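Structural description and commentary
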Amino acid sequence: MGVLHPHETKGLRIAASLLLDEPAPTKSDVVRTLNSKGYRTARGSEWRTSVLMRTLLHPRMAGLDEEGNPIEDFGETVLTVDEHNKLNAKYAPSAHDEEGEAQAVPRPAYDYLLTCGLSACGQCKHPAVGARVTGDAAPGYRCPPPTEGVASCGGVRMTAERLETAVAEEVLAELMRPGVQERLARMQQDIKDEVSRLRAHVQGANQRFAELGDLHGRGLLVKAAFLAAQDATKQDLKESRTRLRNLEQIAGLDISTVTDVVAWWNSAPQTSRRALVGLVIEVVYVLPSGHGPHDPHERINIVWRTPS
Ligand SMILES: [Zn+2]
């Protein structure tokens, strides 16, 4: 789960973008294009229309569970949530009830702005997750309940609309201050530098695994220590890859287009907005709801990024 076959992924992305074209080629044309370019399924077979559509419309393609909630630490996805929603709106087979009446198309998945570690619990600092409490509840952020190996408190939640509106207001106000373009450029350079360091670190993982194996092979590391070190290296690699992916989004944002901030915000795709938020803030802590007036700004504590 979450580990993509790079060649299959590329084929699926091509298929999705063809299918979302207006006007789009037919599904069979798309399948012919994929097969003629040598793209195959994970099992190495040629694509068929039914298999391609079932694969592309599956929530996992966008890192979502069956209810449309984002899966934590899913890893790289084939599609963005927005692409998933558009494909489903256009191609999902509409269900029919017993009288043959068409049922409503499944509700689009909510595209959370503050995932990827951008929001965290103000009590225990664990990253917040996006989820609906029940299937038809409003989307929200929450500190996940503690589980084996996860020491979260599970005590804080906030509806997505309140949290995202409050954060967007503060971020936009920050971006309207004088000299912001120059600050953005410096912060983005810091992020590009970190991307280079992380890439080198990730690429060095095989070397680190080999060194551990070598120490163990020469009897310099007992088995328990070897296994523990190997697990720590695997965990580090997973976290580094996730961080790298998030930072690459921010590093790739074209900040020269962010001149009229409000106009930009209102028309930008959600992935670009998320990248801009990630460029100016480290994290937003969501505080437990107290008593008294419910001003959402009093429930958030933003840690701003500062240029080095
Ligand atoms: Zn918590």
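**Focus: the nonpolar core**
Within the largest apolar cluster, 55 residues are counted, with the highest numbers of intra-cluster contacts made by A15, L56, L114, L163, V167, L279 and V286. Both domains that furnish three or more residues to this core are identified here as domain 1 (6-91) and domain 2 (111-194 + 252-308). Those residues in contact with L114, other than ones at most four positions away along the chain, are S119, Y141, L163, E164, V167 and V284.

**Focus: the environment of R197**
Inspection of the secondary structure assignment puts R197 in helix α6 (residues 180-203). Along the primary structure R197 and L244 are separated by 47 residues, whereas in three dimensions their C-alpha atoms are 9.5 Å apart.

**Comments concerning the pairing of strand β5 (residues 281-286)**
Direction of pairing for strand β1 (residues 119-121) relative to β5: parallel, over a ladder of three bridges. Residue pairing in the sheet places A120 in a bridge with Y285 of β5. Relative to strand β6 (residues 300-304), β5 runs antiparallel, the two sharing five bridges. Paired with I281 across the two strands is W304, which belongs to β6.

**So, the packing of α6 against helix α8 (residues 223-251)**
Packing of α6 against α8 leaves a shortest axis separation of 9 Å and a crossing angle of 150°. Here α6 runs over α8; the crossing is left-handed. Together, Q188, I191, K192, E194, V195, L198, R199, H201 and V202 of α6 and L237, S240, R241, R243, L244, L247, E248, I250 and A251 of α8 make up the contact between the two elements.

**Some points on the domain arrangement of the protein**
What the domain assignment lists for the protein is domain 1 (6-91) and domain 2 (111-194 + 252-308). For domain 1 and domain 2, the distance between their C-alpha centroids amounts to 29 Å. Listed per partner, the contact involves seven residues of domain 1 and 11 residues of domain 2. Residues that form the side of domain 1 that touches domain 2 fall into these classes: two nonpolar, two polar and three charged.

Rules and cut-offs
Residues numbered from 1 in each chain as written. Predicted model: local features only at pLDDT ≥ 70, side-chain atom pairs only at ≥ 80, totals over all residues. Core = buried A, V, L, I, M, F, W, Y, C linked by C-beta atoms within 7 Å. Buried ≥ 20, exposed ≤ 12 C-beta atoms within 10 Å, placed from the backbone. Domains from an automatic or database assignment. Contact = placed C-beta atoms within 7 Å. Helix = DSSP H or I, 4+ residues; strand = E, 2+ residues; numbered from the N terminus. Pairing = 2+ DSSP bridges. Axes fitted to C-alpha atoms, helices over the stretch in contact; angles between N-to-C directions. Left-handed = near helix turned anticlockwise from the far one by under 90°. Nonpolar A, V, L, I, M, F, W, Y, C, P; charged D, E, K, R; others polar.

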